[in-house]
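In case you want the letters, here they are:
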Amino acid sequence: MKFSFTELIHRITDRKSWLESAGMFLGATVVGLLFGAIVIWSSNKSPIVAYTALFSGAFGSLYGFTEVLMSTTPLLLAGLSVAFAFHCGLFNIGAEGQLMLGGLAAGWAGYAIQGLPWYLHLPLALLCGVAAGALWSLIAGALKAWKGIHEVISTIMLNYIAFNIGDYMVSSNGPLKAAGIIPATPYVLNTARLLPIIPNTRFSGGIFIALVMAVLMGYVLWHTRLGYRIRAVGKSPSAAEYAGIPPRQTMLLAMAISGGLAGLAGAVQVLGLSYRFSSTFSPGYGFDAIAIALLGSLHPFGIVLASLLFGILHAGSVKMQQTAGVSNDIIYAISGIIIFFVALRGVLVNFQSRFSHKNATAKVQK
Amino acid sequence: MELSICMQGIVKSFPGVLANDHIDLQVARGEVHGLLGENGAGKTTLMNILSGMYRPDEGQIELFGKPVRFESPKDALAKGIGMVYQHFMLIPTFTVAENLTLGAEITRGGFLDRSKSESMVKELSKKYGLAIEPSAKVQYISVGAQQRVEILKVLYRGAQIIILDEPTAVLTPQETEDLYQTVNALRKAGHTIIFISHKLNEVLRFTDRVTVLRAGKVVGTRVTSETTAEELASLMVGRSVSLHVKKLPREVDAEMLKVENLKALDARRLPALRGVSFNVHAGEIVGIAGVEGNGQTQLVEALTGLIRTTGGTIRLDGEDITHFPTSERFCRGIAHIPEDRHRRGLILDFSLAENSILGYPDRISLRSGFRLDMKSIRKFCAKLMAAFDVRAPSPDVMAGGLSGGNQQKLVLAREFSRCPKLLIAAQPTRGLDVGATEFIHNSLLAERKRGAAILLLSLELSEIMDLSDRILVFYEGKIVGECLRETTNEDEIGLLMTGGRHEVLIH
């Protein structure tokens, strides 16, 4: 059987009902947590104590909950990025690289551009992040549109280039490196910061930007001509071509929007949390984003929930490590299992569809 | 009459549908028995029961007078029933002999005995007069030859009864002729053949007797030589059907499409159109006849802007549109019923409403610009569905869930709704049953009456003959003949289709 990424993704995400989507979401989460419990238990720790610590870390205090939202923010934006490309039939594995360069561009604009009031400087810096992500993804988009190079290959390769650009910029002789030993850019000016809006927390409100993007994405995809075109190309490039929708331009546009969202994720993270770019600012948001997009069935609402789940795991694991002595590496094992089960569904659907294909042919002959 | 098959009171239901409702079928030894019915009448279900794929809920099967029960297709084959499916089950990279013996290989000392299996295949093909080269790889032989391999495969396993499921659907006219010879040879050799089809003319030609199914029930069995196409059609559909549409003469108007010396390449970058010139007038149906793969597909794609032309001009209503993008051409009044409704005409994962604006999103949403006004799109779609009798619960169901006829009606409704100047209809009734075909033919004639210029491409010569005012014959990327409907006949067109004569005929 011919293997295609896009086909697999459609198998994972095409669902008949909300109920089925919710079922997969809950099923994968429960299995992930159960698996985590077994691993914790097998290292002679109590899973109950560990999970209690995890959830009390996430929900036990206002600070904890704001930390959950801070972890959720870049995951949500990056998840939307990956999902948006999927809707046009493109598998953007390059969200991590686009996010890296988005963070770099925003960080640069945050300190290098001076003398602007905050209401100009902050949007400008965010926009720089969006533009950097969009331009970076456009390279893969153009290679796909005109040379037929599969975006999975090109975005993976472009990730490494982006990582190394990021490293170089803040390396010991890098052009953007701040004075001192820390490999990072100078701090961004106050006028470009997403400052904490709740006292005694780091809560920047970046989550609201992400939520607006989620709503906007749902609107664009299902209620505008642009979204119609993007989904048409994603579902059937040949039918889109028949209908006079230019597949290349549409793919480029979708890829640019996808990259822009990833770039925004990096910008919000740099301007709202670390206030400076360092090449290690992302622990792999762009990769988690793929799992989040799939777990959320490529729907903005599902992605909000999925990124919140990952946010809870990330933020809560700090306390789990402190009080239960369970390394927060277990979180990566849990998210790995969740991804595994989401992907497994694609394989199961394959069997199911072969089975139901027989029934379907029977039904046609009713 | 010695019976080879006797099925009695066969009932088979699937969730929500009664596919076979107390079906009795009796087939004599050595006869070619047609099984006729519209899509969804229960033909394939019945044959899947006979070939062991399904088990019936009720009823008995007797083979040569002995009651039998099949546990699997393998079991049925062991008892002498072999089915040749519409979609072949062959391994393209294996040779004919390898495919034939797969699962029952001829071996010597644990190794495959190639020469013995090849000589066996040769013997078998000689015995039944089925020409085949045993050592040829299946991927390099024609579709007709692949079908012969499938038939030989069941013969090799000792099948006495051979079920052919829509065998002509994939064949060219010439290959259909070969199949006719094959079926005759098998009958002479004493085999019983069940011929599943929804094409009347083939059933009339191939079979000795025919059983007609409708909605899961047998509505009649006829001796083929004593029945007519009209009788079979009305049995199938349940009402009288006019097989030949009534076409009123019409004065042709202005020249709407003018194509001059058009050239284009195919996907392999070989010349597919080698200088094609013709015109279509308003109120005229121009039919394009030809064996598949002689440039018809490229002509449609060139006219609709899906492929680039390498020479020549296309004028629509006087305007040169040769280099216009597809969307511009739609705006200028071209409508296109594509030959492959699944790949091009519809997006199966989109709702009917979303499909109803495919190609024309501007029309509905222009008022609101960027936004897609789903409410009025749904309303629009409901209107189309009502006008063209598209049977679906609502505009929100997915297009993939509809039957082929209903899908095609939606495509037609969408394309007609714009009152096009030029309508390009490629294979508009491919795979559709008699009822839907009749509806579509009448719709095309209504468009002609309205004054649309219509370019009709079809592999069914009878469709071209019925509908066209003028017929152009394509052969190897060129027009090799132009005939007026009134003064030509099927034989002349058929001869031209095979490249029989190359000069342009003027009547």
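Residues numbered from 1 in each chain as written. Chains lettered and ligands numbered in written order. Predicted model: local features only at pLDDT ≥ 70, side-chain atom pairs only at ≥ 80, totals over all residues.

### As for the overall build of chain B
Counting secondary structure elements, chain B contains 18 helices and 22 strands. Rg of the C-alpha trace for chain B: 25 Å, near the compact-globule value of 23 Å for 507 residues, within the 12% margin. Seen through its C-alpha atoms, chain B measures out along the principal axes to roughly 70 × 50 × 45 Å. Sequence separation of 24 or more characterises 67% of the internal contacts of chain B that already satisfy a separation of 6 or more. (Helix = DSSP H or I, 4+ residues; strand = E, 2+ residues; numbered from the N terminus. Rg over C-alpha atoms; globule rule 2.2 N^0.38 Å. Contact = placed C-beta atoms within 7 Å.)

### Remarks on the domain arrangement of chain B
Residue and element names in this part refer to chain B. Domain boundaries assigned for chain B yield domain 1 (3–237), domain 2 (252–333 + 420–507) and domain 3 (346–417). In this complex, domain 2 contributes 10 residues to the contact, which on the side of domain 3 involves 8 residues. Of all the elements, helix 16 (residues 434–450) adds the most residues to the side of domain 2 that touches domain 3, at 4 residues. In the side of domain 2 that touches domain 3, the residues fall into 6 nonpolar, 2 polar and 2 charged. (Domains from an automatic or database assignment. Nonpolar A, V, L, I, M, F, W, Y, C, P; charged D, E, K, R; others polar.)

### Concerning the interface of chain A and chain B
Listed per partner, the contact involves 19 residues of chain A and 32 residues of chain B. Sorting the residues of the side of chain A that touches chain B by element identifies helix 9 (225–235), helix 10 (237–242) and helix 14 (329–364) of chain A as the ones contributing at least two each. For the side of chain A that touches chain B, the per-class residue count stands at 7 nonpolar, 7 polar and 5 charged.

### What about the sheet that holds strand 19 (residues 422–426) of chain B?
Residue and element names in this part refer to chain B. Spatial strand order, 18-19-20-15-21-22: 6 strands in an open sheet with mixed pairing. Only two strands of the sheet have a single partner each, and these edge strands are strand 18 (334–337) and strand 22 (478–484). Averaged over all adjacent pairs, the angle separating strand axes in this sheet is 20°, with direction ignored. Sheet strands in contact with helix 15 (residues 404–416) are strand 18 and strand 19, and its direction is about 175° off that of strand 18. Most of the contacts of helix 18 (residues 490–497) go to strand 21 (residues 470–475), to which it runs at about 25°, and overall it touches strand 15 (285–289), strand 21 and strand 22. (Pairing = 2+ DSSP bridges. Axes fitted to C-alpha atoms, helices over the stretch in contact; angles between N-to-C directions.)

### Brief notes about the confidence of the model for chain B
Residue and element names in this part refer to chain B. When the pLDDT values of chain B are averaged, the result is 86; 94% of them are 70 or greater. Within chain B, the element-level pLDDT minimum falls on helix 13 (residues 361–365), averaging 54, and the maximum on strand 20 (residues 453–457), averaging 95. This model gives residues 502–507 a pLDDT under 50, and the stretch forms 9 contacts once residues within four places in sequence are excluded. If you check the scores for this complex, the pTM reads 0.77 and the ipTM reads 0.81. (pLDDT = per-residue confidence, 0-100.)

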